[in-house]
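Observations on the three-dimensional arrangement
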Amino acid sequence: MVTKTKLPGPFKQPWHAVSVVGQFGACPAAAGLRDKRFLSDEAPPLPLPECSSPRLCKCIYCHYSDRRAILRRETDRGRFPRPRFGKERREGLQAHGRRADDQAD
């Protein structure tokens, strides 16, 4: 007996991003999006709706694993997070703790 199983599709990264890259002399619509990254599901279609020459358009998507261009968090850069000092500024922390009727172990 032969059973057929469907091969798993490619894994989609949750923050996969793209940017629109126009060739030399690209239309103003592509030039306006030069350094902007979009989540892949939210990227504008190519050719761009505002493209001045859609039949000759040579714009392409450049792919990235993350929408962020700069790693901002310490943990993203392989470091431990810095300790925080000073008074806690968030409000209502007690409301988010344990319930009053929970028993402490």
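In what follows, the structure referred to is the one given above.
A few points on the structure. (Residues numbered from 1 in each chain as written. Predicted model: local features only at pLDDT ≥ 70, side-chain atom pairs only at ≥ 80, totals over all residues. Heavy atoms only, no water.)

Focus: the overall build of the chain
Put simply, the test is: Numbering goes from the N terminus for both helices and strands, where a helix is a DSSP run of H or I of at least four residues and a strand is a run of E of at least two. Buried means the residue's accessible area, taken with a 1.4 Å probe over protein chains only, is under 20% of the maximum for its type, while exposed means over 50%, and partly exposed covers the values in between. The contact criterion used throughout is that any non-hydrogen atoms of two residues lie within 4.5 Å. For the accessible areas, the method is Shrake-Rupley and the probe is 1.4 Å, while residue cover comes only from the protein chains on display.
For the chain, the helix and strand inventory stands at one helix and three strands. When its helices and strands are written in sequence order, the chain yields β-α-β-β. In the chain, which comprises 105 residues, the share counted as buried stands at 15%. A sequence separation of at least 24 residues applies to 57% of the contacts in the chain between residues at least 6 apart. Surface summary for the chain: the accessible area is close to 10,100 Å², and the carbon and sulfur share equals 54%.

Digging into the pairing of strand E1 (residues 17-21)
Two faces, one strand: in a regular strand the side chains alternate between the faces of the sheet. We count it as follows: In this description, strands pair whenever DSSP reports at least two bridges between them.
Across the five residues that make up E1, a large majority, four, are buried. Pairing analysis gives three bridges linking E1 to strand E2 (residues 37-39), with the strands arranged antiparallel. Its bridge partner lying in E2, Ala17 is registered against Leu39. Of the pairings in the sheet, the one linking E1 to strand E3 (residues 60-64) comprises five bridges and is antiparallel in character. Bridge pairing in E3 links Val20 to Tyr61.

Section: the packing of aromatic side chains
Inclusion rule: Two aromatic rings, drawn from Phe, Tyr or Trp (for Trp, its six-membered ring), form a pair once their centres lie within 6.5 Å of each other, and the interplanar angle then sorts them: stacked below 30 degrees, edge-to-face above 60, tilted otherwise. Distance and angle both matter: a charge sits over a ring if NZ of Lys or CZ of Arg is within 6 Å of the ring centre and within 35 degrees of the ring normal.
Within this structure, the stated rule accounts for zero aromatic pairs. Note that Arg37 overlies the ring of Tyr64, its terminal NZ or CZ placed 3.5 Å from the centroid.

Comments concerning the side chain of His16
Stated precisely, the cut-off is as follows: Pairs of N or O atoms are called polar contacts if they sit within 3.5 Å, as long as, within protein, a hydrogen donor faces a hydrogen acceptor (for residues adjacent in sequence, only side-chain-to-side-chain pairs).
Within the element layout of this structure, His16 appears in the segment before E1. Judged by its relative accessible area of 18%, His16 falls in the buried class. A polar contact is formed between the side chain of His16 and the side chain of His63, at a distance of 3.2 Å. The residues touching His16, leaving out its near neighbours within four places in the chain, are Phe38, Leu39, Ser40, His63, Tyr64 and Ser65.

Observations regarding unusual backbone geometry
Cis geometry marks the peptide bond from Leu46 to Pro47, where omega comes out at -5°. Relative to the elements of secondary structure, Pro47 occurs in the loop between E2 and E3.

What to know about the state of the cysteines
Formally: Whenever a pair of cysteine sulfur atoms sits within 2.5 Å, that pair is classed as a disulfide.
Scanning the entire structure with this criterion turns up zero disulfides. Summary of cysteine pairing: Cys27 is not part of a disulfide, and the nearest cysteine sulfur, belonging to Cys51, is at 3.9 Å. You can call Cys27 buried: its relative accessible area is 9%.

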